Amino acid sequence: MISGFLCPVCSQLLKEDKSSFKCSSGHCFDKSASGYVNLLIKGGKKGHGDNKTMINARHNFLNKGYYEDLKSSFCTEVKKYADKGVSLLDSGCGDGYYTVGMYDAVSESKSGEVYAIDVSKEALKIAAKSCPNVSFAVASAYKLPFEDECFDIVTSLFAPLSLNEFYRVLKRGGIFITAIPLENHLYQLKQAVYDIPYKNKPENTEIKGFELLNSQEVHKEIQLESNEDIKNLFTMTPYYYKTSLSDQKKLDSLEALTTETEFLILTYKKI
């Protein structure tokens, strides 16, 4: 079983009490009202991670079930490796939509533990409330607050891939599961926005230090039946910050949209 979070100041184990996490050196990190702990050391840039607009758009869109096929397939893959006593880290968990499904998969194995981190406090305000049995922390994927080789499974969906850190915290033979968009993902949405829409470039699926065990495509045509859902989908994607206001306004009068979703779930073993 994993020992818990490490102090971001001195790397000693944090012990949890009713309202905070403390290490033996006296560093203390309070739990939020939502239930997460903030382990990002203060200083540097403000507004880490996705902002409130993007988080709310993603939360509202996902909870209408448009990506339920991906969630179900991903969590079924997690369940394949969720033996009794398994420990899982969801890195870049966002609002916890997928984390809840992973917790359900792991909890069926009995005695499992699930941790989740994200750099966005706005995301964890929602995530921690959605699944109180998961240990949530505001933390960076590039400096995970965990000991070496402490997790059986690490997952990451649509978040920065800190592969060196994932390798470090995974046990020998541990499992890493991720998902990436395929070539035609959301192509019809792009057609509605851009004069010259583009397809996604193929990604290299080889990862140093990992053996690819399985790949699974998930395809679904989704029908968006309100302008709110269309704008939420667009706002939760990276396109939102890369698109001119004039192109974004093309969505203002769009009340319905059918678009293809294409994902590739990839499962690796640490070697």
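Note: the structure precedes this text.
Residues numbered from 1 in each chain as written. Predicted model: local features only at pLDDT ≥ 70, side-chain atom pairs only at ≥ 80, totals over all residues. Heavy atoms only, no water.

Asker: How would you explain the packing of helix α1 (residues 52-62) against helix α4 (residues 121-130) if you had to name every residue and give the values?
Answerer: It is the contact of α1 with α4, at a shortest axis distance of 8 Å, that shows an interaxial angle of 35°. Here Lys52, Ile55, Asn56 and His59 of α1 lie close against α4, whose contacting residues are Glu122, Ala123 and Ile126. (Axes fitted to C-alpha atoms, helices over the stretch in contact; angles between N-to-C directions. Helix = DSSP H or I, 4+ residues; strand = E, 2+ residues; numbered from the N terminus. Contact = heavy atoms within 4.5 Å.)

Asker: Got a sec to walk through the nonpolar core? Specific residues and values, please.
Answerer: Counting 49 residues, the largest nonpolar core has Phe61, Tyr67, Val78 and Phe136 as the members making the most contacts within it. When residues in this core are grouped by element, the largest group, 6 residues, is from helix α3 (residues 97-107). In this structure Tyr67 touches Phe61, Leu62, Tyr97, Tyr98, His185, Leu186, Ile222, Leu233, Met236, Thr261 and Phe263, once residues within four positions along its chain are discounted. (Core = buried A, V, L, I, M, F, W, Y, C linked by side-chain atoms within 4.5 Å. Buried < 20%, exposed > 50% of the residue type's maximum accessible area, 1.4 Å probe, protein only.)

Asker: Describe the sheet that holds strand β8 (residues 151-157), naming the residues involved and giving the relevant values.
Answerer: Ordered in space as β4-β7-β6-β5-β8-β9-β11-β10, the 8 strands form an open sheet in which the pairing is mixed. At either margin of the open sheet sits one strand with a lone partner, and together these are β4 (37-38) and β10 (210-224). For strand β6 (residues 113-118) and strand β7 (residues 135-138), the ladder comprises 4 bridges, and the chain directions are parallel. Looking at the pairing, Tyr115 lines up with Ser135 of β7. Here α4 sits on the sheet in contact with β4, β6 and β7, set at roughly 170° to β7. (Pairing = 2+ DSSP bridges.)

Asker: Now, about the pattern of salt bridges: what can you tell me, with residues and values included?
Answerer: Side chains that differ in charge, positive against negative, can pair when their charged atoms come close. In this structure the tally under the stated criterion is 11 salt bridges. Across the pair Asp152 and Lys171 runs a salt bridge whose closest N-O atoms are separated by 3.2 Å. Of this pair, Asp152 sits in strand β8 while Lys171 sits in strand β9 (residues 170-181), placing them 19 residues apart in sequence. Residues Glu165 and Arg168 are paired through a salt bridge, measuring 2.8 Å at the closest nitrogen-oxygen approach. One end of the pair, Glu165, and the other, Arg168, are both in helix α5 (residues 163-169), 3 residues apart, so they sit about a helical turn from each other. For Arg168, a relative accessible area of 23% translates into the label partly exposed. Connected through salt bridges with shared partners, the residues Asp148, Glu165 and Arg168 form a single ionic network. (Salt bridge = Lys/Arg side-chain N within 4 Å of Asp/Glu carboxyl O.)

Asker: Tell me what's going on with unusual backbone geometry, and back it up with residues and numbers.
Answerer: In this model, Phe158 sits at a positive phi of 55°, which is unusual for a non-glycine residue. Following the sequence through the fold, Phe158 ends up in the loop between β8 and α5. Using a relative accessible area of 44% as the deciding quantity, one classes Phe158 as partly exposed. The phi torsion at Leu186 lies on the positive side, around 60°, for a residue other than glycine. By the secondary structure assignment, Leu186 is in the loop between β9 and α6 (187-193).

By themselves, these are just geometric observations and shouldn't be taken as functional.
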